[in-house]
Structures are given as C-alpha cells and as structure tokens.
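Okay, here's what each chain looks like letter by letter:
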Amino acid sequence: MNSLIPPDSQEPLAAADLKEDGDFSDMLSEQRILLPGAQMLTAFLIILPFNGGFRQIVQTEKIVFLATFVLALTSLVLLSAPAIQHRLMRPLNDRARFKRVATCQIVAGAFTLALALILATNLVISEVFGTVVGLAMAATIATFIVCLWWLLPAYLKRMHGF
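The rules we used
- Residues numbered from 1 in each chain as written.
- Predicted model: local features only at pLDDT ≥ 70, side-chain atom pairs only at ≥ 80, totals over all residues.
- Heavy atoms only, no water.
- Phe/Tyr/Trp six-rings, centres within 6.5 Å; stacked < 30°, edge-to-face > 60°.
- Helix = DSSP H or I, 4+ residues; strand = E, 2+ residues; numbered from the N terminus.
- Buried < 20%, exposed > 50% of the residue type's maximum accessible area, 1.4 Å probe, protein only.
- UniProt positions renumbered as here; feature names shortened; annotations may be inferred.
- Salt bridge = Lys/Arg side-chain N within 4 Å of Asp/Glu carboxyl O.
- Core = buried A, V, L, I, M, F, W, Y, C linked by side-chain atoms within 4.5 Å.
- Contact = heavy atoms within 4.5 Å.
- pLDDT = per-residue confidence, 0-100.
- Expected span 1.5 Å × (residues − 1).

A. Representation of the packing of aromatic side chains. Applying the stated rule across the entire model yields two aromatic pairs. Ring centres 5.0 Å apart and planes at 70° place the aromatic pair Phe54 and Phe65 in the edge-to-face group. Remark: Phe65 occurs in helix α2 (residues 59-89) and Phe54 occurs in the loop between α1 (15-47) and α2; sequence separation between them is 11 residues. For the residue pair Phe54 and Phe65, the accessibility class agrees, reading buried in each case. Centroid distance Phe65 to Phe69: 5.9 Å. Interplanar angle 10°. Geometry classified as stacked. Within this pair, Phe65 and its partner Phe69 are both found in helix α2, separated by four residues, close to a single helical turn. You can call Phe65 buried: its relative accessible area is 10%. Pairwise contacts between aromatic rings join Phe54, Phe65 and Phe69 into one cluster.

Laid out in structure tokens, this is it:
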C-alpha cells in the first residue's frame, strides 16, 4: 500500500495534509521530550511520602509538596491528552482545530511542569540546605526556565522570524 494514502481513504494526501502530518510529528517529538520529565517528577513525588523522613517535614513543606504533586500530575495529564484524544478522535475532521487545541494543552502542560520543577527544587534544596538556599535555588531555576522556555523563543520569533 502506498504510504501517501491514508488507511481510511484511497486518495493521496495533498501537500497541506502532508504539512499537517509533519506538524503532528513535531508535536509527538516535543512530547517525547516533556513527558519523561513529568513522569519522573511525578514518580519521585509519589514515593516521597512513603519515605520515613517525610513525616518529619514541617507543615509548610507539606503544602509545597501537595502543590508540586498536583502540578506534576496536571502536567502529565495535559501533556498526554493530545495523543489520547488523537487516538480516540481518528479520523480527524478538522486537523487545524485539533492542532490548535493540542498546542494549547501542550503549552499548559509545559507551564504546569515548569511550576512543579520550581517547587520541587525548593522542596529538595530546602530540606538539604535550608529554606533560604531552597528559595534562592527555586528562584534561579524559575529564571532559567522563564528565559529558555518562554523569553528566548519569543525573542527569536520576533527578531529572527523563527
């Protein structure tokens, strides 16, 4: 069977359809980068309360843990949603709309993952080195994420047409 013929059609894909498929491939590649981070963070947070020393942390750290855990789970759900939705909605009737919705979900997932990473940094570093160092490192990671994930792409798009 010709690889340009979709399984539910006998007509070759048009150039626009091929570009859309390329966009889906790009999305999948991007999710392959983000999902393992969200999975690893969530797995770490799931086992943390079962560690003997967890009971000794103060109430404030437990609240930070709760927020981090909820954000990590939210990012995992948001980042995996487009793949699951794509599978359940096949064949897609409006590929452009699906891509817009999926993009919003991926960006929202990246945002909640960024917040979870910042809070996890604070949680871990505060436990090891104290609250002041934990907050300083969380602020450093927050700045790093904001610059690389949000500001640099906006700058490159605006100034260089990426």
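B. Molecular detail of the UniProt feature "transmembrane region" (unreviewed entry) in the protein. The UniProt record annotates "transmembrane region" (unreviewed entry) at residues 33-51, 63-84, 105-125 and 131-152. In the segment residues 33-51, helix accounts for 79% and strand for 0%; the C-alpha atoms at its two ends are 29 Å apart.

C. Examining the pattern of salt bridges more closely. Here the structure, examined in full by the defined rule, presents one salt bridge. Residues Asp94 and Arg97 are paired through a salt bridge, measuring 3.8 Å at the closest nitrogen-oxygen approach. Look at Arg97 and you get exposed, because its relative accessible area is 52%.

D. Examining the nonpolar core more closely. With 24 residues, the main nonpolar core has Leu34, Leu41, Phe65, Leu79 and Leu113 as its most contacted residues. In terms of residues, this core owes the most to one element, helix α3 (residues 95-129), which gives eight residues. Those residues within four positions of Leu113 in sequence are excluded, and the remaining contacts are Leu34, Gly37, Ala38, Leu41, Ser75, Leu79 and Trp149.

E. Structural view of the side chain of Thr68. With respect to the secondary-structure elements, Thr68 resides in helix α2. When near neighbours in sequence (up to four residues on either side) are disregarded, Thr68 contacts Leu45, Ala116, Leu119 and Ala120.

F. Main features of the confidence of the model for the protein. Considering every residue of the protein, the mean pLDDT works out to 85; 86% of them sit at 70 or more. At the level of individual helices and strands, the protein shows its lowest average pLDDT in α1, which scores 78, and its highest in helix α4 (residues 131-160), which scores 95. In this model, residues 1-14 is a region of pLDDT below 50 whose contacts with residues beyond four sequence positions or in other chains number 13 contacts.

G. Region of interest: α3. The terminal C-alpha atoms of α3 lie 50 Å apart, and with 35 residues this matches the ideal 51 Å at 1.5 Å per residue to within 8%. Following α3 by one or two positions, Gly130 adopts a phi angle in the positive range, close to 105°.

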